[in-house]
Amino acid sequence: MLVLVINSGSSSLKYQLRELADDGTDAPVPVLAQGLVERIGVPGSGVPDHAAALEQVEAELAEATGGRTIDAAGHRVVHGGERFTAPARVTNEVIRAIERLAPLAPLHNPAAAQGLRAMAERWPDMPQVVVFDTSFHQTMPREAWQYALPDEVYTEHGIRRYGFPRPRPPPPPPPPPGGTSHDLVTGLAAEHLGIPRGEFRAVVLHLGNGASATAIRDGVSVDTSMGYTPLAGLVMGTRSGDLDPSVVTHLMRNHGYDAEELDTLMNRRSGLLGLAGEADMRQVLENAASGDGRARNALDVASYRLAKYVGGYHVAVGGAQAIVFTAGIGENSAPFRARVLDRLGALGVAYDAEANRARVAGPHTISAPESAIPVLVVPTDEEQAIARLTWELAR
Ligand code: AMP
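These numbers come from a predicted model, not from an experiment.

Colleague: Could you give me a rundown of the site of the ligand, with the residues and numbers involved?
Modeller: Residues in contact with the ligand, as listed here, are Gly-208, Asn-209, Asp-280, Met-281, Arg-282, Ala-327, Gly-328, Ile-329, Asn-332, Ser-333 and Arg-359. A distance of 2.5 Å separates an oxygen atom of the ligand from a polar atom in the side chain of Asp-280. Here Ile-329 contributes a backbone N or O atom positioned 3.3 Å from an oxygen atom of the ligand. When isolated, the ligand has an accessible area of 510 Å², and the protein chains bury 73% of it.

Take a look at the structure:
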């Protein structure tokens, strides 16, 4: 089966064409084509909207498919609110529901809805599936998702923690349908350690441009660091992560910030960018290595915050059986992993410096034999996870 995986950002559209075998696993040559259309809607870019972007994608796909029809399309959607606890087949009503959730993910959901509409017009007969980042975290207990605000703020306005990151292929027993990179990675980590997924307790660290930690108990999410929106939790490329909310009211009252400016400040100008002047971890590490004090400080703040989350989630899961690093930074940045692991001595964590530096494809262990908790690096593959879920619903 040929599955087109689409990830629509506010001004970009990423795609991959994947070939899945009859059992839903990747075929020997899984990625037949991939690409990125950028600057959608930017004046002068020649790509006025998502429909125009798809036209470009169609041209690029023609060669890769060699005349075969694409069997289904899978779309990543960031926010499914409380309604979407699992992937869904796309209908007009589903697209409208995704649009109604725009206040929860203003950068992502409207773009995804546009992409879905454009697809439906261009390929009306192709089954489409949406996969939500939030679904995997629907297993969080109320004690983990509720804010200590008056009840009506939740019941009337839906203010609660949702949790983000990405999709899972087919896990064995209980886990809920849908979900995310945390899900895929959880399954692979459990398998690597030979622990049944349904009994697995872990702290999964998805460290990319966006970053989150997830507490896994009995193989499912019981807590996660992102909150009502993906702004909460860890220090990210351009997002601040956790803040005292009074910072917001203070800046409004005393320094003239309005809501838009605060949004921009916290989502686009903070995190590594705010602290070090660079959002990209590679650059921050390079600058730190050549003596840049701001870069070093940024690494300290980010690794300290992350280590605190690991300690907290170790408690939340009742004693983790693994700490798992994934995504761009988690998979590739040995120096940043080392900074975090150096702080986890109190948990009995010990890592093998050489194993940490080694470049290994696939899930591997970087902890020392005596470590109280095994530490793993597990590569994620969001597109595979989305393709797999799409295959399940579309076949
Ligand atoms: P992602 O959002 O998962 O693509 O991750 C993007 C982040 O991963 C950026 O901050 C990159 O700088 C970081 N990254 C990718 N490769 C490396 C690497 N080899 N060393 C350090 N950071 C990396």
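Colleague: Got a sec to walk through helix α15 (residues 382-394)? Specific residues and values, please.
Modeller: Compared with an ideal rise of 1.5 Å per residue, which puts 13 residues at 18 Å, α15 spans 18 Å between its outermost C-alpha atoms and is within 8% of the ideal. Among the 13 residues in α15, eleven count as buried, and that is most of the element.

Colleague: Give a detailed account of the pairing of strand β3 (residues 26-37), specifying residues and quantitative values.
Modeller: Here seven bridges tie strand β2 (residues 13-20) to β3, and the two strands are oriented antiparallel to one another. Directly across from Lys-14, in β3, lies its bridge partner Leu-36. With antiparallel pairing between neighbouring strands as the criterion, β2 and β3 make up a hairpin whose turn holds five residues, including Gly-24 at a positive phi of roughly 85°.

Colleague: Which residues make up the packing of aromatic side chains, and what values do they have?
Modeller: Tallied over the full model, the rule gives four aromatic pairs. A ring pair is formed by Trp-145 and Tyr-154, whose centres lie 4.9 Å apart and whose planes are at 50°; its orientation type is tilted. With respect to burial, Trp-145 and Tyr-154 carry one shared label: buried. For the pair Tyr-309 and Tyr-313, a centre-to-centre distance of 5.6 Å together with 75° between the ring planes defines the contact as edge-to-face. In this pair, Tyr-309 and Tyr-313 are both assigned in helix α11 (residues 293-316), four residues apart and thus about one turn of the helix distant.

Colleague: Break down the layout of surface pockets for me, citing the residues and quoting the values.
Modeller: Size it by volume and the second largest pocket reaches roughly 460 Å³. Lining of the second largest pocket is provided by 21 residues; of these, Asp-280, Met-281, Arg-282, Gly-328 and Ile-329 occupy positions nearest its centre. Grouping the amino acids of the lining of the second largest pocket by side-chain chemistry returns 13 nonpolar, six polar and two charged.

Colleague: Now, about the nonpolar core: what can you tell me, with residues and values included?
Modeller: Judged by nonpolar contacts, the single largest core of 60 residues is most densely connected at Ile-98, Val-130, Leu-205, Leu-207, Ile-323, Phe-325 and Phe-336. Tallying contributions element by element places α11 first for this core, with nine residues. With 21 residues, the next largest nonpolar core counts Tyr-15, Ile-40, Ala-52 and Trp-123 among its residues.

Colleague: Before we move on, could you go through the sheet that holds strand β1 (residues 2-8) and cite the residues and values that matter?
Modeller: Two orientations exist for strands paired in a sheet by backbone hydrogen bonds: parallel and antiparallel. Strand order in the open sheet formed by six strands is β3-β2-β1-β4-β6-β5, with mixed pairing between adjacent strands. Two strands lie at the open edges of the sheet, namely β3 and β5 (88-89), each paired on one side alone. Packed on one face of the sheet, helix α3 (residues 109-122) meets β1, β4 (72-77) and β6 (128-132) and runs near 170° to β4. Against the sheet, α15 contacts β1, β2, β3, β4, β5 and β6, and its axis sits at roughly 125° relative to β4.

Colleague: Account for a negative patch on the surface, naming residues and giving values.
Modeller: Taken together, the side chains of Asp-258, Glu-260, Glu-261 and Asp-263 make up a negatively charged region of the molecular surface. Along the chain, the position of Glu-260 falls in helix α8 (residues 259-268).

Colleague: Before we move on, could you go through empty space enclosed by the protein and cite the residues and values that matter?
Modeller: In this structure the tally under the stated criterion is one cavity of 30 Å³ or more. Put simply, the largest cavity is a space of about 60 Å³. Looking at the largest cavity, the residues that line it are Trp-145, Gln-146, Tyr-147, Leu-149, Pro-150, Asp-151, Val-153, Tyr-154, Ile-159 and Arg-160. No other element matches the three residues that helix α5 (residues 151-157) contributes to the lining of the largest cavity. Grouping the constituent residues of the lining of the largest cavity by class yields seven nonpolar, one polar and two charged.

Colleague: Describe in detail unusual backbone geometry, supporting the description with residues and values.
Modeller: Unlike most non-glycine residues, Arg-39 shows phi in positive territory, near 60°. Position of Arg-39 among the secondary structure elements: in the loop between β3 and α1 (50-65). Unusually for a residue other than glycine, Ala-327 sits at a positive phi of about 75°. Counting through the fold element by element, Ala-327 comes out in helix α12 (residues 327-332).

What counts, and at which threshold
- Each chain carries its own residue numbering, running from 1 in the written order of its sequence.
- Note on the predicted model: pLDDT of at least 70 is required for a residue's local features to be given, and 80 or more for side-chain atom pairs to be given and counted; whole-chain, interface and lining totals, by contrast, use all residues.
- Working from all heavy atoms in the structure, the side-chain values ignore hydrogens and water.
- Any residue with a non-hydrogen atom lying within 4 Å of a molecule or strand is treated as near it.
- By the criterion applied in these results, polar contacts are pairs of N or O atoms within 3.5 Å in which, for protein atoms, one can donate a hydrogen and the other can accept it, and in which residues neighboring in sequence qualify only through two side-chain atoms.
- For every accessible area listed, the method is Shrake-Rupley and the probe measures 1.4 Å; residues are considered covered only by the protein chains on display.
- Runs of E in the DSSP output that reach at least two residues are strands. Runs of H or I that reach at least four are helices, and both are numbered from the N terminus.
- For a helix, the expected span equals 1.5 Å multiplied by the number of residues minus one.
- Residue exposure (1.4 Å probe, protein chains only): buried if accessible area is under 20% of the type maximum, exposed if over 50%, otherwise partly exposed.
- Pairing between strands is defined by DSSP: at least two bridges between the two strands are required.
- Think of it this way: a Phe, Tyr or Trp ring, Trp meaning its six-membered ring, pairs with another when their centres are within 6.5 Å, and the plane angle makes it stacked under 30 degrees, edge-to-face over 60, tilted otherwise.
- Only protein atoms enter the calculation, which uses a 1 Å grid: trapped sets of points that fit a 1.4 Å probe without letting it out are cavities, open sets showing protein on both sides within 12 Å along at least five of seven lines are pockets, and any residue with an atom within 4 Å of a point is a lining residue.
- Grid points are joined across faces, edges and corners, and a volume is the space filled by probe spheres set on the points.
- In this classification, the charged set is Asp, Glu, Lys and Arg, the nonpolar set is Ala, Val, Leu, Ile, Met, Phe, Trp, Tyr, Cys and Pro, and all remaining amino acids, among them Gly, are polar.
- The set of buried Ala, Val, Leu, Ile, Met, Phe, Trp, Tyr and Cys residues whose side-chain atoms join them within 4.5 Å is what this entry labels a nonpolar core.
- Residue contacts are defined here by distance: any two heavy atoms, one from each residue, within 4.5 Å place the two residues in contact.
- With axes taken as lines fitted to C-alpha atoms, and helix axes fitted only over the stretch in contact, angles between N-to-C directions fall between 0 and 180 degrees.
- In this scheme, patches are assembled from residues that exceed 30% relative accessible area and form no salt bridge. Like charges are connected within 9 Å, while nonpolar side chains (Val, Leu, Ile, Met, Phe, Trp, Tyr) are connected within 5 Å.
- Put simply, a salt bridge is a Lys or Arg side-chain nitrogen that is within 4 Å of an Asp or Glu carboxyl oxygen.
- We score Asp and Glu as negative and Lys and Arg as positive, and we do not count His or the chain ends.
- The atom standing in for a charge is NZ when the residue is Lys, CZ when it is Arg, CG when it is Asp and CD when it is Glu.

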